[in-house]
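Take a look at the letters that make up each chain.
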Amino acid sequence: MSTIKGIKVGTTTITASYTEGGVTKTATSNLTVTALTFTVGNLGNVVYSGSAIKQVPLIQGKNVNGATVTLSESTDYTISWSSSTDSTSCIIPGTVTVTVTGKGNYTGTKT
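Along each chain, residues carry numbers from 1 onward, in the same order as the chain's sequence is written. The predicted nature of this model means local features are confined to residues of pLDDT at least 70 and side-chain atom pairs, given and counted, to a pLDDT of 80 or more, with totals for whole chains, interfaces and linings taken over all residues. Excluded from the side-chain calculation are hydrogens and water; included are all heavy atoms of the structure.

**Things to note about the overall build of the protein**
Helix and strand assignments follow DSSP, with helices taken as H or I runs no shorter than four residues and strands as E runs no shorter than two, numbered in order from the N terminus. When helices and strands are tallied, the protein shows zero helices and eight strands. Along the protein, helices (α) and strands (β) appear in the sequence β-β-β-β-β-β-β-β when read from the amino end. Note on areas: Shrake-Rupley with a 1.4 Å probe; residue coverage comes only from the protein chains shown. For the protein, the exposed area adds up to about 8100 Å²; of that, 50% sits on carbon and sulfur atoms.

This is the structure in structure tokens:
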């Protein structure tokens with residue numbers, strides 16, 4: 001049995017050939033790789049310091065073996081913050097929304 005590495009989320013065709021008794025036989029099948037999900041940890045309250053504060057939550061998912069792993073920004077997800085601002089675009093105390101979007105083999109958006 002062989003291990004195939006580098007297959008991304010989606011459907012791909014796998015072809016296997018072997019020779020038996022001088023005759024080459026070929027079998028073809030579709031392989032569907034489904035995306036993995038992830039969880040986003042909670043953020044705590046912080047004291048306003050007069051500057052923007054970008055907290056990064058713990059972002060974890062299951063790998064292909066089912067083990068829980070910490071995901072990597074840019075490879076497994078993107079993260080963005082929407083800040084509370086006043087009319088002059090200054091950061092002010094309030095609620096900030098963090099949005100995490102899965103990428104690569106991870107799917108979904110969590111806010």
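**What about the sheet that holds strand β4 (residues 59–62)?**
Paired strands, as defined in this entry, are two strands with at least two bridges between them according to DSSP. Taking strand neighbours across the sheet as the criterion, the three strands line up as β3-β4-β5 in an open arrangement whose pairing is antiparallel. Two strands bound the open sheet, and with one partner strand each, they are β3 (38–40) and β5 (68–70). Here the strands of the sheet are splayed against their neighbours by 30° on average, with no regard to which way each runs. Across three bridges, the pairing between β4 and β5 is antiparallel. Along β5, the bridge assignment pairs Gly 61 with Val 69. Note on definitions: angles span 0 to 180 degrees between N-to-C directions of axes, and those axes are lines fitted to C-alpha atoms, for helices only across the stretch in contact.

**Comments concerning the nonpolar core**
Phe 38, Ile 59, Leu 71, Tyr 77, Ile 79, Val 98, Val 100 and Tyr 106 together form the largest nonpolar core, which totals eight residues. Here, residues are in contact when the closest pair of their heavy atoms is within 4.5 Å. What Ile 79 contacts, discounting residues up to four positions off in sequence, is Val 56, Pro 57, Glu 73, Val 98, Thr 99 and Val 100. Only buried residues count toward a nonpolar core, which is a set of Ala, Val, Leu, Ile, Met, Phe, Trp, Tyr and Cys residues joined through side-chain atoms within 4.5 Å. Only protein chains enter the area calculation, which uses a 1.4 Å probe; residues under 20% of their type maximum are buried, those over 50% are exposed, and those in between are partly exposed.

**Describing the side chain of Asp 76**
As for its position among the elements, Asp 76 is in the loop between β5 and β6 (77–82). Taking the relative accessible area as the measure of exposure, Asp 76 reaches 15% and is therefore buried. Filtering out sequence-adjacent residues up to four positions away, Asp 76 remains in contact with Leu 71, Thr 101, Gly 102, Lys 103 and Tyr 106.

**A few points about the pattern of salt bridges**
Pairs can form between side chains of opposite charge whenever their charged atoms are close. In what follows, salt bridge is the name for a side-chain nitrogen of Lys or Arg lying within 4 Å of a carboxyl oxygen of Asp or Glu. Under the defined criterion, the tally for this structure stands at one salt bridge. In this structure, Glu 20 engages Lys 25 in a salt bridge whose closest nitrogen and oxygen atoms are separated by 3.8 Å. Judged by its relative accessible area of 35%, Lys 25 is partly exposed.

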